[in-house]
Amino acid sequence: MSPRAPIAPVPMQMRAGHATPQAAPGAGTVPHTPAPLAQDQQPTAEQSEAERKMQFLYALRSKGVTDKAVLGAMEKIDRGPFIRGIFTERAYEDMPLPIACGQTISQPSVVGLMTQALEVNPRDKVLEVGTGSGYQAAILSQLARRVYTVDRHKRLIAEARSVFAAMDLANITAFTADGSFGLPDQAPFDRIIVTAAAEDPPGPLLAQLKIGGIMVVPVGQSDAVQSLIRVRRHESGFDYDELRPVRFVPLLEGLGRDS
């Protein structure tokens, strides 16, 4: 009869004068699972919205948008309502997105930089050429006394007016018109912003700019070579500053086919 293998002693743990068996490592142990967050610890919709806004403003600052008034306007005006269809989930990304009539809504950082370059004052009357989605005009409405915006596409004007009304932006007036000729009946303007690229700053728009006024316009002969230009009008003429490379849809004369 072969001898039995010795039985390993069970380690004992002393507790309050009593010896209790201690389980061998890995034997019968249960992995620790973190307890779920209590109901009052779950992130609220308000917290999620606040975090999204913080990320949005951080992205703007990182691209050079530092003016406090401009950042405040862009924090207040939600970009979401200006985007429709399958791209609505990307409304808060810093990228251009397609809208109706073959146009685009500019990326927020470009909107911020153009608005910042325009140096809008609270008493200013502003002309925007190229309404598009209406987002740029909505930002301007938070900074200026009155905003006039024109677009060659009747559909875009109708959709933008609907958003303006829903957001109670009563100081914006939107027209279907050939923006390359401006709005002579409302001129002169303290500020003019053009959101489509022209080969040169359009003469009719320069003529409708007040002395001391500023115009921001992308210029270039193709969509691959464009520069954002700031024009200042003085008693003796115009000064031109080249700000940065950009890419915009071309500024076209006449009304769109839907108008």
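Keep in mind it's a predicted model, so treat the numbers as computed, not measured.

Engineer: Got a minute to help me understand the overall build of the chain in this structure?
Structural biologist: Along the backbone of the chain there are six helices and 11 strands. Taken over 259 residues, the chain has a buried fraction of 41%. Relative to all contacts within the chain whose residues are 6 or more apart in sequence, the contacts with residues 24 or more apart total 53%. Accessible area of the chain: about 15,100 Å², with a carbon and sulfur share of 54%.

Engineer: I tried to follow the pairing of strand S6 (residues 146-151) on my own but got confused; where do I start?
Structural biologist: For a regular strand, side-chain orientation follows a simple rule: the groups alternate between the two sheet faces. Here S6 lies mainly inside the structure; five of its six residues are buried. By the bridge criterion, five bridges tie strand S5 (residues 125-129) to S6 in an arrangement that is parallel. Looking at the pairing, Leu 127 lines up with Tyr 148 of S6. The handedness of the S5 to S6 crossover, carried by helix H4 (residues 135-141), is right-handed. After leaving S6, the chain enters helix H5 (residues 154-166) and then returns to the sheet as strand S7 (residues 172-176), a path that is right-handed.

Engineer: Help me understand the confidence of the model for the chain in this model?
Structural biologist: Low pLDDT means the predicted atomic positions in that stretch should not be read closely. This prediction gives the chain a mean pLDDT of 84; 80% of its residues lie at or above 70. Across residues 1-31, where pLDDT falls below 50, the model places 13 contacts with residues more than four positions away in sequence or in other chains.

Engineer: What is the right way to read the nonpolar core from this model?
Structural biologist: The nonpolar side chains of soluble globular proteins are, as a tendency, buried together. Ranked by internal contacts, the top residues of the largest apolar core, which has 47 residues, are Met 74, Phe 82, Leu 118, Tyr 135 and Phe 164. Those elements that place two or more of their residues in this core are helix H1 (45-62), helix H2 (68-76), helix H3 (108-118), H4, H5, S7 and strand S9 (209-222). With six residues, the single largest contributor to this core is H3. In contact with Phe 164, other than residues within four places in its own chain, are Phe 82, Gly 134, Ala 137, Ala 138, Thr 149, Leu 169, Ile 172 and Ala 174.

Engineer: When you look at the pattern of salt bridges in this model, what are you seeing that I'm missing?
Structural biologist: Working definition: two side chains of opposite charge can pair if their charged atoms are close together. In total, this model carries seven salt bridges according to the counting rule given. Lys 63 is the partner of Asp 94 in a salt bridge, and the nearest nitrogen-oxygen pair spans 2.7 Å. Of this pair, Asp 94 sits in the loop between H2 and strand S3 (97-98) while Lys 63 sits in the loop between H1 and H2, and the two are 31 residues apart along the sequence. Accessibility expressed as a relative area gives 23% for Asp 94, which makes it partly exposed. Classification of Lys 63 by relative accessible area gives partly exposed; the value is 43%. In this structure, a network of salt bridges that share partners links the residues Glu 119, Arg 230 and Arg 232.

Engineer: Is there a simple way to explain the environment of Asp 190 in this structure?
Structural biologist: For Asp 190, the location among the structural elements is in strand S8 (residues 189-194). Asp 190 gets classed as buried once you look at its relative accessible area, which sits at 13%. Distance from Asp 190 to Ile 214, taken between C-alpha atoms, is 6.8 Å for residues 24 residues apart in sequence. There is a polar contact of 2.7 Å between the side chain of Asp 190 and the backbone nitrogen of Lys 125. Separated by 3.2 Å, the side chains of Asp 190 and Lys 210 make a polar contact.

Engineer: Is there a simple way to explain the packing of aromatic side chains in this structure?
Structural biologist: Here a ring pair, both rings aromatic, is described through the centre-centre distance and the interplanar angle of the planes. Taken as a whole and assessed by the stated rule, the structure comprises three aromatic pairs. Plain terms: the ring middles of Tyr 148 and Phe 175 are 6.4 Å apart, the flat faces sit at 15° to each other, and that makes the pair stacked. Taken together, the positions of Tyr 148 in strand S6 and Phe 175 in strand S7 put the pair 27 residues apart, joining distant regions of the chain. Measuring from centroid to centroid gives 6.1 Å for Tyr 148 and Phe 189, while their planes differ by 65°, and the two rings are edge-to-face. Taken together, the residues Tyr 148 in strand S6 and Phe 189 in strand S8 connect sequence positions 41 residues apart. For the pair formed by Tyr 148 and Phe 189, the shared burial category is buried. Among the aromatic residues, ring-to-ring pairing joins Tyr 148, Phe 175 and Phe 189 into one connected group. Directly above the ring of Tyr 92 sits Arg 52, whose terminal nitrogen or CZ lies 3.8 Å from the centroid. Above the plane of the ring of Phe 189 lies Lys 125, whose end atom (NZ or CZ) is 5.4 Å from the centre.

Engineer: What exactly am I supposed to notice about unusual backbone geometry here?
Structural biologist: Across the chain, the bulk of peptide bonds are trans and the bulk of non-glycine residues have phi less than zero. In this model, Ala 187 is joined to Pro 188 through a cis peptide bond whose omega is 5°. Summarising the element assignment, Pro 188 is placed in the loop between S7 and S8. Although it is not a glycine, Glu 119 adopts a positive phi angle of roughly 50°. One can find Glu 119 in the loop between H3 and S5.

Engineer: Please explain H3 as it appears in this structure.
Structural biologist: For an α-helix the count is 3.6 residues per turn, leaving residues at separations of three or four pointing the same way. The buried fraction of H3 is high, at 10 of 11 residues. At the C-terminal side of H3, Glu 119 shows a positive phi close to 50°.

Reading guide: rules and limits
- All residue numbers refer to positions counted from 1 along the written sequence of the respective chain.
- pLDDT decides what is reported in this predicted model: residues at 70 or higher carry local features, side-chain atom pairs at 80 or more are listed and counted, and totals for whole chains, interfaces and linings draw on all residues regardless.
- The side-chain numbers reported here are obtained from all heavy atoms of the structure, hydrogens and water having been left aside.
- The secondary structure listing takes helices from DSSP runs of H or I that are at least 4 residues long and strands from runs of E that are at least 2 residues long, numbered from the N terminus.
- For every residue, the accessible area (1.4 Å probe, protein chains only) is compared with the maximum for its type, and the residue is labelled buried under 20%, exposed over 50%, or partly exposed between those bounds.
- Residue contacts follow a heavy-atom distance rule, with two residues in contact if any of their heavy atoms lie within 4.5 Å.
- Areas reported here follow the Shrake-Rupley algorithm with a probe of radius 1.4 Å; residue values treat only the protein chains shown as occluding.
- Two strands form a pair only when DSSP identifies at least two bridges running between them.
- Seen with the strands pointing away from the viewer, any crossover whose path from the first strand over the helix to the second strand runs clockwise is right-handed.
- The predictor's confidence in any single residue is recorded as pLDDT, a number from 0 to 100.
- Throughout this description, the term nonpolar core refers to a set of buried Ala, Val, Leu, Ile, Met, Phe, Trp, Tyr and Cys residues connected via side-chain atoms within 4.5 Å.
- Salt bridges are counted wherever a side-chain nitrogen of Lys or Arg sits within 4 Å of a carboxyl oxygen of Asp or Glu.
- Two N or O atoms count as a polar contact when they lie within 3.5 Å, although within protein this holds only if one can serve as hydrogen donor and the other as acceptor, and sequence-adjacent residues are included solely when both atoms are side-chain atoms.
- Note on aromatic contacts: the rings of Phe and Tyr and the six-membered ring of Trp form a pair at centre separations within 6.5 Å, being stacked when their planes are under 30 degrees apart, edge-to-face when over 60 apart, and tilted otherwise.
- Counting as a charge over the ring demands two things of the Lys NZ or Arg CZ atom: a distance within 6 Å of the ring centre and an angle within 35 degrees of the ring normal.

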